[in-house]
Amino acid sequence: MPKGQGKVGNLSKSRGQGPPDPNVVAWKVVQQATGQMPKEEPAKAEENPRVTIGRAGGLLGGKARAAKLSPERKKEIAKKAAKARWNPTERLDR
């Protein structure tokens, strides 16, 4: 590698990586500012099916875990949480 040229990484445009071309960015800004191109709205998280599935599993997970725990184990967890909450300077056994 010639001196003064550091490795930049994978700048493959087909993979969507690398910095955008400043000229293209400037052209898009001008087009949007003059009303010739509609502004690009970012994708909403709810539209991504993976986010929806992950959220659904996360909402069920806590209830399912609580149903499986014995009352004694729940008490141990609650004590540990209270100790961490009210004695933040003490180190808990992990």
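Residues numbered from 1 in each chain as written. Predicted model: local features only at pLDDT ≥ 70, side-chain atom pairs only at ≥ 80, totals over all residues. Heavy atoms only, no water.

## Some details on the overall build of the chain
The helix and strand inventory of the chain stands at 3 helices and 0 strands. When the helices and strands of the chain are listed from N to C terminus, the series reads α-α-α. Evaluated residue by residue, the chain yields a buried proportion of 3% over its 94 residues. (Helix = DSSP H or I, 4+ residues; strand = E, 2+ residues; numbered from the N terminus. Buried < 20%, exposed > 50% of the residue type's maximum accessible area, 1.4 Å probe, protein only.)

## Topic: helix α2 (residues 49-68)
Note that an α-helix has 3.6 residues per turn; residues three or four places apart therefore point the same way. Given a rise of 1.5 Å per residue, 20 residues ought to cover 28 Å, and the 29 Å separating the end C-alpha atoms of α2 matches this to within 8%. The principal kink in α2, of about 25°, is found at G61. (Expected span 1.5 Å × (residues − 1). Bend = angle between axes of the 7 residues up to and from the residue.)

## A closer look at the confidence of the model for the chain
Confidence in the prediction of the chain, expressed as mean pLDDT, is 77, and 70% of residues score 70 or more. Averaged over each element, pLDDT in the chain is lowest for α2 (84) and highest for helix α3 (residues 71-86) (92). (pLDDT = per-residue confidence, 0-100.)

## Here's the deal with the side chain of Q31
Mapping Q31 onto the fold places it in helix α1 (residues 22-33). In contact with Q31, not counting residues within four places along its chain, are Q36 and M37. (Contact = heavy atoms within 4.5 Å.)

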